[in-house]
Amino acid sequence: VLTAIALFWMLRLILQFAAFNTNNLFIHLPGLEPIQSFYSFYYQPTIPILIGLGILLVFCPWLLIALLKLFYGLKPLSVETLKTHSPEAVRVLQRISRERRLPLPSLGILPTDTPIALTFGNLPQTARIVVSQGLLDQLADDEIAAIYTAQLGHILHWDFVLMSLGILLAQIPYTVYWVVAQWGEQWEGPILRGTTGAIASVAYGIYWLLRWPLVWLSRIRIYFSDRFCTDATGNPNGLTRALLKIAIGITKDIEQQGKTPWILEGFDLLMPLGYRQAITLGS
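Residues numbered from 1 in each chain as written. Predicted model: local features only at pLDDT ≥ 70, side-chain atom pairs only at ≥ 80, totals over all residues. Heavy atoms only, no water.

Trainee: Which residues make up the packing of aromatic side chains, and what values go with them?
Mentor: Summed over all chains, the structure comprises 14 aromatic pairs. Considering the side-chain rings of Tyr72 and Trp178, the 5.4 Å spacing of their centres and the 15 degrees angle between planes classify their relative orientation as stacked. Placement of Tyr72 in helix α3 (residues 46-72) and of Trp178 in helix α8 (residues 159-186) is noted, with a sequence separation of 106 residues between them. For Trp178, a relative accessible area of 7% corresponds to the buried category. Ring centres 5.5 Å apart and planes at 55 degrees place the aromatic pair Tyr174 and Tyr177 in the tilted group. Within this pair, Tyr174 and its partner Tyr177 are both found in helix α8, separated by three residues, close to a single helical turn. Relative accessible area serves as the criterion here: at 0%, Tyr174 is assigned to the buried category. Among the aromatic side chains, those forming a connected cluster through ring pairs are Phe71, Tyr72, Tyr174, Tyr177, Trp178, Tyr204, Tyr207, Trp208, Trp262 and Phe267. (Phe/Tyr/Trp six-rings, centres within 6.5 Å; stacked < 30°, edge-to-face > 60°. Helix = DSSP H or I, 4+ residues; strand = E, 2+ residues; numbered from the N terminus. Buried < 20%, exposed > 50% of the residue type's maximum accessible area, 1.4 Å probe, protein only.)

Rendered as structure tokens:
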């Protein structure tokens, strides 16, 4: 509840600031007139924001899937393929889904060597657990099972719904920052570089403002998913080894690339281990 309130008020402040300053800019530019609806939005933004958030929440799973497919190469992962990497993960997922009377979550895989695991959706029926090829390659059977069970814990505790909505909101300015920053690196000329740099900086700042209300929930929910994992699998050591291997894998990948991969920063709050924590633990 506190995270939802904080996220709403942060979004409200950002949109009010944008509407007010956009009209102020139009007033001072020749040939342009302020947009009157922006003034109405500035004074009464609550209802439009709630309607917009409701629409985003309904379409959240498919929008995140589209984003991950477009920029990061997301592909479906079959149960049979997962079984070749971790038979125990399939057994645990099927057993818990049967005991809790939940549909088996849809599975996805990202074609990257960085070990990644995240869960998103708006209902248990639309939930999707996504891991990377690097995670399946670098972790042992019981360690993969532990990660999948912990991700299933987010679905059972329902914290994945608000986190998915918050991450989707944050991805809007982050994607603008990413795309514009790449354009700026390709273009020549101080004017174009300066313009793209300014746009990228503003977009990145908005991303961090939207990210801030989610930080506490993103980390406190890990205690509950870890507890669920250890109770369901009876293997706390498997989860511990998995987290340490993820930290080492992320650190190695950042060292090899010489930079932080975009997906690690953009989806940091959905993962069981933030990349900053991973760099510390994996060194």
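Trainee: Can you explain the nonpolar core? Please cite residues and give values.
Mentor: Grouped together as the largest cluster of nonpolar side chains are 85 residues, with contacts concentrated most on Tyr72, Leu82, Leu136, Tyr148 and Phe267. The dominant element in this core, judged by the number of residues it contributes, is α8, at 14 residues. Apart from residues lying up to four places away in sequence, Leu82 is in contact with Leu77, Ala89, Val90, Leu93, Leu107, Leu136, Ile144 and Tyr148. (Core = buried A, V, L, I, M, F, W, Y, C linked by side-chain atoms within 4.5 Å. Contact = heavy atoms within 4.5 Å.)

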